[in-house]
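Residues per chain are reported as follows:
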Protein chains: 2
Amino acid sequence: MGATKTEHFTGKQNAIAGLAKALGHPARVAIIEYLIKVDACICGDIVNELPLAQPTVSQHLKELKNAGLIKGEVEGNAICYCIDEKAIEKLQNYFGNISARLTKKKSTCC
Amino acid sequence: MGATKTEHFTGKQNAIAGLAKALGHPARVAIIEYLIKVDACICGDIVNELPLAQPTVSQHLKELKNAGLIKGEVEGNAICYCIDEKAIEKLQNYFGNISARLTKKKSTCC
DNA sequence: ATTTAATATTGCAATATTACGATAAAGATT
DNA sequence: AATCTTTATCGTAATATTGCAATATTAAAT
């Protein structure tokens, strides 16, 4: 059929998949990196930073926001976007945990 | 239109996006978690662990392999899958780095 | 050599994503 | 009020993903 069978997986699995999916496009990775680079909320220039048309960028921002990776607030006639640290922390913890488990129990098989 | 404009982004951005995309589906997250849980290469039972048909699971495994998240070796009439630690490390480093940068420079804006 | 077991591939339908032109909405500027 | 600037939404085309039945492949077991 084509639709993801979300209901068959745990909430945590869907949560991680949701965050990962949002970062599963180079434009969205680039947006996150730009937000970090300038170390501020961005009111403007995101569109100029990316090799994509304005509606496309707007759509990517929307997806990042829906996934909880960024927050956006209206600031005059611009909109102020920043990274939501909680989401990044979740990812960091998740992969840190996996990494720790992998090095600890080193299975000999492969 | 409709195809991702990969060529407009850096190799690193595409690399992270590729790994993230592979984890952007709960079934693939579940596969990774199962591989960690049993702490071994899995020759068999992955299909039984997931609420999906065998061809679908096979396809997800293929994608994880293409993305470099798992390695697979033929082992008799079964195939032995294990996590590729390097990929997990890349993700851990990436998000660790972002997290560090965020807490260090704490911007006051949002 | 046949059968069995495990995994992969093919083909296809349903759905989702990506991208952008056109247009709308909303606050700032004149 | 008219205009400019910035961001969002709509509509639509191109492409990708998801899922599975049917079938193929491959190696072990009989």
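Above this text is the structure in question.
Parameters and conventions
- Residues numbered from 1 in each chain as written.
- Chains lettered and ligands numbered in written order.
- Predicted model: local features only at pLDDT ≥ 70, side-chain atom pairs only at ≥ 80, totals over all residues.
- Heavy atoms only, no water.
- Helix = DSSP H or I, 4+ residues; strand = E, 2+ residues; numbered from the N terminus.
- Buried < 20%, exposed > 50% of the residue type's maximum accessible area, 1.4 Å probe, protein only.
- Contact = heavy atoms within 4.5 Å.
- Axes fitted to C-alpha atoms, helices over the stretch in contact; angles between N-to-C directions.
- Parallel < 35°, antiparallel > 145°, perpendicular 65-115°, else oblique.
- Left-handed = near helix turned anticlockwise from the far one by under 90°.
- Nonpolar A, V, L, I, M, F, W, Y, C, P; charged D, E, K, R; others polar.
- Buried area = accessible area lost by both parts, 1.4 Å probe.
- Salt bridge = Lys/Arg side-chain N within 4 Å of Asp/Glu carboxyl O.
- Polar contact = N/O pair within 3.5 Å; in protein donor to acceptor, adjacent residues only side chain to side chain.
- Least-squares fit on C-alpha atoms with pLDDT ≥ 70 in both.
- Core = buried A, V, L, I, M, F, W, Y, C linked by side-chain atoms within 4.5 Å.
- Expected span 1.5 Å × (residues − 1).
- Arc of directions from axis to C-beta.

Trainee: What is the right way to read the overall build of chain A from this model?
Mentor: Helix and strand counts for chain A come out as 5 helices and 3 strands. In chain A, the succession of α and β elements from N to C terminus is α-α-β-α-α-β-β-α. Counting only residues that meet the buried cut, chain A has 42% of its 110 residues in that class. Within chain A, counting contacts between residues at least 6 apart in sequence, those at least 24 apart form 48% of the total.

Trainee: Sorry if this is basic, but what is going on with the packing of helix α2 (residues 26-37) of chain A against helix α1 (residues 11-22) of chain B here?
Mentor: Relative orientation and spacing of two packed helices are given, respectively, by the angle between their axes and the distance between those axes. Remark: α2 of chain A packs on α1 of chain B, axes separated minimally by 8 Å, with the N-to-C direction vectors making an angle of 115°. The orientation of α2 of chain A with respect to α1 of chain B, classified from their angle, is roughly perpendicular. Classified by chirality, the crossing of α1 of chain B by α2 of chain A is right-handed. Residues Pro-26, Val-29, Ala-30 and Glu-33 of chain A of α2 of chain A form the contact with α1 of chain B, whose own contacting residues are Gln-13, Asn-14, Ile-16 and Ala-17 of chain B. Within the contact of α2 of chain A with α1 of chain B, the residues separate by chemical class into 5 nonpolar, 2 polar and 1 charged.

Trainee: Whenever I open this one, the interface of chain B and chain A confuses me. Can you help?
Mentor: Interfaces are often sized by the accessible area lost when the parts come together. Contact residues are listed per partner, giving 48 residues for chain B and 48 residues for chain A. At the boundary of chain B with chain A, total buried surface from both sides reaches about 4,300 Å², with 71% on carbon and sulfur atoms. Linking chain B with chain A are 0 salt bridges. Our count for the contact surface shared by chain B and chain A stands at 8 residue pairs in polar contact (both at pLDDT 80 or more). Elements represented by at least two residues in the side of chain B that touches chain A include exactly α1, α2 (26-37), β3 (78-83) and α5 (85-105) of chain B.

Trainee: When you look at the relation of the copies chain B and chain A in this model, what are you seeing that I'm missing?
Mentor: Each copy superposes on the other: chain B lies on chain A with an RMSD of 0.0 Å after a rotation of 180° and an axial shift of 0.0 Å. The relationship between the two copies is best expressed as a two-fold rotation axis. When the interface residues of chain B are mapped onto chain A, 100% of them are again interface residues, pointing to one common binding face.

Trainee: Where do I start with the nonpolar core in this structure?
Mentor: Side chains of a nonpolar character, in soluble globular proteins, are inclined to be buried together. Judged by nonpolar contacts, the single largest core of 64 residues is most densely connected at Ile-32 and Leu-69 of chain A together with Ile-32 and Leu-69 of chain B. What Leu-69 of chain B contacts, discounting residues up to four positions off in sequence, is Leu-19, Ala-22, Leu-23, Ile-32, Leu-64, Cys-82, Ile-83, Asp-84, Ala-87, Ile-88 and Leu-91 of chain B.

Trainee: Looking at this structure, I do not really get helix α4 (residues 54-66) of chain B. What am I missing?
Mentor: Residues lying three or four places apart along an α-helix face the same way, a consequence of the helix completing one turn every 3.6 residues. Residue and element names in this part refer to chain B. Taking 1.5 Å per residue, 13 residues should reach 18 Å; α4 reaches 18 Å between its end C-alpha atoms and fits that length. If you check which residues of α4 are buried, you get Val-57, His-60, Leu-61 and Leu-64. Take α4 and look down its axis: the buried residues cluster within an arc of 100°, on one side only. When the buried face of α4 is taken as reference, the exposed residues oriented beyond 90 degrees from it are Pro-55, Gln-59, Lys-62 and Asn-66. Taken together, the buried residues of α4 touch α1, α2, α3 (46-49), β2 (70-75) and β3. Note on α4: the residue one or two positions beyond its end, Gly-68, has a positive phi of about 85°.

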